[in-house]
Amino acid sequence: MEDVTIIYSNDFGITFCLKHNALEQISKVNLIFNGTILHFSREELVLFSRQIKTTLTQPLHCKECYKSNTCKSIVLHTPFTQVSFALTYLDLMAMEELIEGTLFEMGLTSLLKHLL
């Protein structure tokens, strides 16, 4: 892990970039969760965030889905048309927090670099 810079992490997953990329000039963000690794550009990460928000506004199949950690009835589409995920509601909330935290850290780092 010496050659990576961790951007953000939570109990669900982690995002990082390779150390040879300056954080404000990242070409790809690496997202790891549930044994899956995705590589997003900043623009794709923003699109993914929007897709998560859209998915969260859709009604769930049953009231138990809000509490269940086993019912993977929510389909989350990604910016990659060939890839979608079946998630629990709790996983979807954790994914949203991971993506939003990553975007916040990237924006904050970029802002601080420009101010200094």
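Throughout what follows, the structure given in this document is the object of discussion. The model shown is predicted, which means the values in this text are computed figures rather than measured ones.

This paragraph deals with the nonpolar core. Counting 23 residues, the largest nonpolar core has Leu31, Phe48, Met95 and Ile99 as its most contacted members. Going through the elements one at a time, β3 (29-33), β4 (36-40), α1 (42-57), β5 (74-77), β6 (84-87) and α2 (89-115) are the ones with two or more residues in this core. Look past the residues within four positions of Met95 in its chain and what remains in contact with it is Phe12, Leu31, Phe33, Phe48, Ile52 and Leu76.

Moving on: the pairing of strand β1 (residues 4-9). Looking at chain direction, β1 and strand β2 (residues 13-18) are connected through five bridges and run antiparallel. Bridged to Ser9 within β2 is Ile14.

Right, let's talk about a nonpolar patch on the surface for a bit. Judged by side-chain polarity, Phe104, Leu108, Leu111, Leu112, Leu115 and Leu116 come together as a nonpolar surface patch covering roughly 670 Å² of accessible area. Within the secondary structure layout, Leu108 lies in helix α2.

Let us look at unusual backbone geometry. Its identity as a non-glycine residue notwithstanding, Asn34 has a phi of 45°, on the positive side. Position of Asn34 relative to the elements: it lies in the loop between β3 and β4. By relative accessible area, Asn34 is classed as exposed at 51%.

With that out of the way, let us pick up the pairing of β6. Side chains Phe85 and Leu87 of β6 all project onto a buried face; the interleaved residues Ser84 and Ala86 project onto a face where none is buried. Two strands pair when backbone bridges link them, and β5 and β6 are joined in this way by four bridges, in the antiparallel orientation. The residue of β6 that forms the bridge with Leu76 is Phe85. Between β5 and the antiparallel strand that follows it, β6, lie six residues.

Turning to its location among the elements, Val4 is positioned in strand β1. With relative accessibility at 10%, the residue Val4 sits in the buried group. Along the primary structure Val4 and Thr15 are separated by 11 residues, whereas in three dimensions their C-alpha atoms are 9.9 Å apart. The residues contacting Val4, other than those within four sequence positions of it, are Phe16, Cys17, Leu18 and Lys19.

Take the environment of Lys28 next. Here Lys28 is to be found in the loop between β2 and β3. Taking the C-alpha atoms as reference, Lys28 lies 6.8 Å from Cys17; in sequence the two are 11 residues apart. When neighbours within four sequence positions are excluded, Lys28 is seen to be in contact with Phe16, Cys17, His39, Phe40, Ser41 and Glu44.

Turning next to the sheet that holds β2. Sheet architecture is open: four strands sit in the order β1-β2-β3-β4, paired in antiparallel fashion. In this open sheet, the two strands that pair with only one neighbour each are β1 and β4. Adjacent strand axes in the sheet meet at a mean angle of 25°, parallel and antiparallel pairs treated alike. The sheet contacts of α1 involve β3 and β4, and relative to β4 the element is tilted by about 115°. Packing of α2 onto the sheet brings it into contact with β1, β2 and β3, and relative to β1 it is tilted by some 125°.

Calculation notes
Residues numbered from 1 in each chain as written. Predicted model: local features only at pLDDT ≥ 70, side-chain atom pairs only at ≥ 80, totals over all residues. Heavy atoms only, no water. Core = buried A, V, L, I, M, F, W, Y, C linked by side-chain atoms within 4.5 Å. Buried < 20%, exposed > 50% of the residue type's maximum accessible area, 1.4 Å probe, protein only. Helix = DSSP H or I, 4+ residues; strand = E, 2+ residues; numbered from the N terminus. Contact = heavy atoms within 4.5 Å. Pairing = 2+ DSSP bridges. Patch = residues over 30% accessible without salt bridge, like charges linked within 9 Å, V, L, I, M, F, W, Y side chains within 5 Å. Areas by Shrake-Rupley, 256 points an atom, 1.4 Å probe, with all protein chains shown as cover. Salt bridge = Lys/Arg side-chain N within 4 Å of Asp/Glu carboxyl O. Axes fitted to C-alpha atoms, helices over the stretch in contact; angles between N-to-C directions.

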